[in-house]
Amino acid sequence: MKNTIIAFLLLISFSMFGQIYNPVKWTTTVEKISDKEYILKAQAKIQSGWHLYGQYIEEGGPSPTAFTFKNQPKKFELIGKTTEDKGHETVDKIFDMKIKYFEDQALFTQKIKFISDDISDVAAEVDFMVCDDSNCLPPSTEELTFKIPKEKKLASAEETAVVKTDSVTKEEKSVSQTEEKILKQEITSSPKKTESRGLLTIFILAFLSGFAALLTPCVFPMIPMTVSFFTKQSKSKAAGIKNAMIYGISIVIIYVLLGSIVTAVFGADSLNALSTNVWFNLIFFILLVVFACSFLGAFEIVLPSSLANKVDSQADRGGLIGIFFMALALAIVSFSCTGPIVGTLLVEAASKGGIAPIVGMLGFSIAIALPFSLFAAFPGWLNALPKSGGWLNTVKVVLGFLELALAFKFLSNADLVLQLHWLEREIFLAIWIAVFGMLAFYLFGKITLPHDSPLNHISVGRLGFGLIVLSFTIYLIPGLWGAPLKLISGFPPPMQYSESPKGLGVSSNSELKTTGSLPEGAEHGPQNIITFHDYNKGMEYAKKVGKPVLLDFTGYACVNCRKMEELVWSDPKVLGVLNNDVVLISLYVDDKKELPETEQYVSETTGKKIKTIGNKWSDLQIKTYKANAQPFYVIVDHNSVNLTEPSAYNPNIEEYYKWLQSGIGKFKK
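Residues numbered from 1 in each chain as written. Predicted model: local features only at pLDDT ≥ 70, side-chain atom pairs only at ≥ 80, totals over all residues. Heavy atoms only, no water.

Chemist: Is there a simple way to think about the nonpolar core in this case?
Modeler: Among soluble globular proteins, nonpolar side chains are generally buried collectively. Counting residues in hydrophobic clusters, the biggest one holds 31 residues, and the most contacted among them are Tyr 247, Ile 251, Tyr 255, Ile 341, Phe 364, Ile 368 and Phe 372. Going through the elements one at a time, helix H4 (193-214), helix H6 (237-266), helix H10 (319-333), helix H11 (335-352), helix H12 (356-377) and helix H13 (390-418) are the ones with two or more residues in this core. (Core = buried A, V, L, I, M, F, W, Y, C linked by side-chain atoms within 4.5 Å. Buried < 20%, exposed > 50% of the residue type's maximum accessible area, 1.4 Å probe, protein only. Helix = DSSP H or I, 4+ residues; strand = E, 2+ residues; numbered from the N terminus.)

Here it is, written out as structure tokens:
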């Protein structure tokens, strides 16, 4: 009875892991533009918790969504590229690239022009990949049909909606025009949590940058001068406060207008695409180096004096217009200090796309304008302000070092895109160590720059900040030998983009590599573990050495697979087991290599034709384990019998280690 209960519980547990996911359903509609031109619309409904990747992802990342239209070019031609919703964007730390994805739903549109009148539908295929927080499904292909009415009129949703899935019979389903409108409204107006968080981050960073700009020699002395002007020239205290408020609002308007111009000139959507462009990154590398040199005292960046004079003359007009031009004069006069900060903010905001430049300038300008309004309302606070002095130039120099460090991030982006390997991880870190090391020496008074005042002693604040910078510099040094440096994750190039991808020094992995030749059909995989990619060869070797097999259903574009390999498999206990106690067989379900025609077949489970190696391993996982998500781990004996229940994504090192030991223990019994 006890054994029966245990078996029943194991069956339930296994069924929880063995799930066939089908989180995306597609519908199609057609919209008429003219007698010859139509817009094909493909709507993806995505189950909650899952996300679908966008079309434009760099090579080496997750599989992008891709559309193929079949009857073209004989009956119609494509006009432009397939467009997509705005979606969400994030910088993935595993792939070290910006990745776009969609949640809940996504709309893709393609404009076409008829060449032949003899056309009733357009056939297409969509290749796509979806993931959730713990699973990634292998790339999937769906067939789509866009029905074109013979009357060549606007196709209603009832006439054109077609839904295709793997698990159900392909059939047409009606969708009312009202529902279609609701869907469109949800796509365009639903709150984007990820996007909101990104804009909030930009606002906060811009706000802090504005305060940093306040502490520069060009802006800080202007606070008491400007506030005193308004309080003395105004007939009453209330009028002085009012004028100072208008002055602050004018500052906000000027900088927000600048952000709006940048967004309008480049386009909200094109800014993000521009941020991954090689020339964009190279230009801004040079620009930030110039800004840094200016802050360090090499030269001053100023706008033409004639412009400042014209604006200053308008400030004498009085009234609202005069106050506005006073604010504009402040922006022009202080440009040598604020220009580099504003430029850097616009560069960073441009990499986010959308209205990010406007949000960034809003945060920056509020920080600049706030003191003028507050000190006008409470003039007594001016007595508490520190006096101008050499410390203002110190702030400027510190910002120069930070600008210089940030500049190399843009140069690194260009190098990564081109895969030149000129600025690999070790070189990048060496540059940062040099930059922050020099900053520490500067703060300790060991280095002086052209505009520095004589330093008789070091203040407690400067000493404290210097110690923080020195500590950070020391923290960076082990990164030269392969330390992960999680505090700056995403800034340096990834570990694999280095001279020593596996790190320096002797480890059990390097010993394994040098003590003998690899078994036939094996290679060094993640963490330098001996790995097989062929199921049969791996099983033969396991029988030969008398070890259980760890089946690793994975994917080249599987984010969570990389997380497991980098965060869990790297643990010494887990790594020891994977090196010595099991035979690892990693089966990549997105391997695009085609099988020989004699080995291609139609799957008994899905009915799809198995044409690639990835299809073969995906079909094996679905057929044997009733699961299609990765990562997916199974420990089996030499007869392919499970020794324990399968495991999916599990970043808990202790739990994963115990799971491995459980399977190995049962193999030895």
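Next comes the rest of the account.
Chemist: Explain the packing of aromatic side chains here, please?
Modeler: How two aromatic rings sit relative to each other is set out by the distance from centre to centre and by the angle between their planes. Taken as a whole and judged by the stated rule, the model has 23 aromatic pairs. Here the aromatic rings of Tyr 633 and Tyr 656 are separated by 5.5 Å at their centres, their planes lie at 75 degrees, and the arrangement is edge-to-face. Separated by 23 residues along the polypeptide, Tyr 633 in strand E20 (residues 632-636) and Tyr 656 in helix H21 (residues 653-668) bring together distant segments of the chain. For the pair formed by Tyr 633 and Tyr 656, the shared burial category is buried. (Phe/Tyr/Trp six-rings, centres within 6.5 Å; stacked < 30°, edge-to-face > 60°.)

Chemist: Looking at this structure, how should I read the packing of helix H19 (residues 572-580) against H21?
Modeler: Two packed helices can be described by the angle between their axes and the distance between those axes. The N-to-C vectors of H19 and H21 enclose an angle of 30 degrees; their axes lie 9 Å apart at closest approach. It follows from the interaxial angle that H19 and H21 lie roughly parallel. Both H19 and H21 take part in a crossing whose hand is left-handed. On H21, the residues touching Lys 573, Val 574, Val 577 and Leu 578 of H19 are Ile 653, Glu 654, Tyr 656, Tyr 657, Leu 660, Gln 661 and Ile 664. Partitioning the contact of H19 with H21 into residue classes produces eight nonpolar, one polar and two charged. (Axes fitted to C-alpha atoms, helices over the stretch in contact; angles between N-to-C directions. Parallel < 35°, antiparallel > 145°, perpendicular 65-115°, else oblique. Left-handed = near helix turned anticlockwise from the far one by under 90°. Contact = heavy atoms within 4.5 Å. Nonpolar A, V, L, I, M, F, W, Y, C, P; charged D, E, K, R; others polar.)

Chemist: Is there a simple way to think about the pattern of salt bridges in this case?
Modeler: Where charged atoms of side chains with opposite charge meet at close range, the side chains can pair. This model, assessed by the stated rule, comprises five salt bridges. Its salt-bridge partner being Glu 654, residue Lys 573 comes within 2.4 Å of it at the nearest N-O pair. Of this pair, Lys 573 sits in helix H19 while Glu 654 sits in helix H21, placing them 81 residues apart in sequence. Taking relative accessible area as the criterion, Lys 573 reaches 34% and is therefore assigned partly exposed. Accessibility expressed as a relative area gives 38% for Glu 654, which makes it partly exposed. A salt bridge links Glu 604 to Lys 623; the shortest N-O distance between them is 3.9 Å. In this pair, Glu 604 is assigned in the loop between strand E18 (601-602) and strand E19 (609-610) and Lys 623 in helix H20 (residues 613-625), connecting sequence segments 19 residues apart. (Salt bridge = Lys/Arg side-chain N within 4 Å of Asp/Glu carboxyl O.)

Chemist: For this particular structure, what's the right way to read H19?
Modeler: Along an α-helix, residues three or four positions apart point the same way, because every turn accommodates 3.6 residues. Where H19 is concerned, the buried positions are Val 574, Leu 575, Val 577, Leu 578 and Asn 579. The N-terminus of H19 is capped by Asp 571, whose side-chain oxygen sits 3.1 Å from the backbone nitrogen of Lys 573. (Polar contact = N/O pair within 3.5 Å; in protein donor to acceptor, adjacent residues only side chain to side chain.)

Chemist: Explanation requested: the sheet that holds strand E9 (residues 121-128) in the structure shown.
Modeler: Two pairing modes exist for strands in a sheet, parallel and antiparallel, and in both the strands are linked by backbone hydrogen bonds. If you walk across this open sheet you meet the three strands as E4-E9-E11, and the pairing is antiparallel. What marks the edges here is a single partner per strand, and that holds for strand E4 (66-69) and strand E11 (140-147). With strand direction ignored, the average angle separating the axes of adjacent strands in the sheet is 25 degrees. Of the strand pairs in this sheet, E4 and E9 are connected by four bridges, and their pairing is antiparallel. Within the sheet, the bridge partner assigned to Phe 67 lies in E9 and is Val 126. (Pairing = 2+ DSSP bridges.)

These results come straight from atomic positions and should not be treated as a statement about function.
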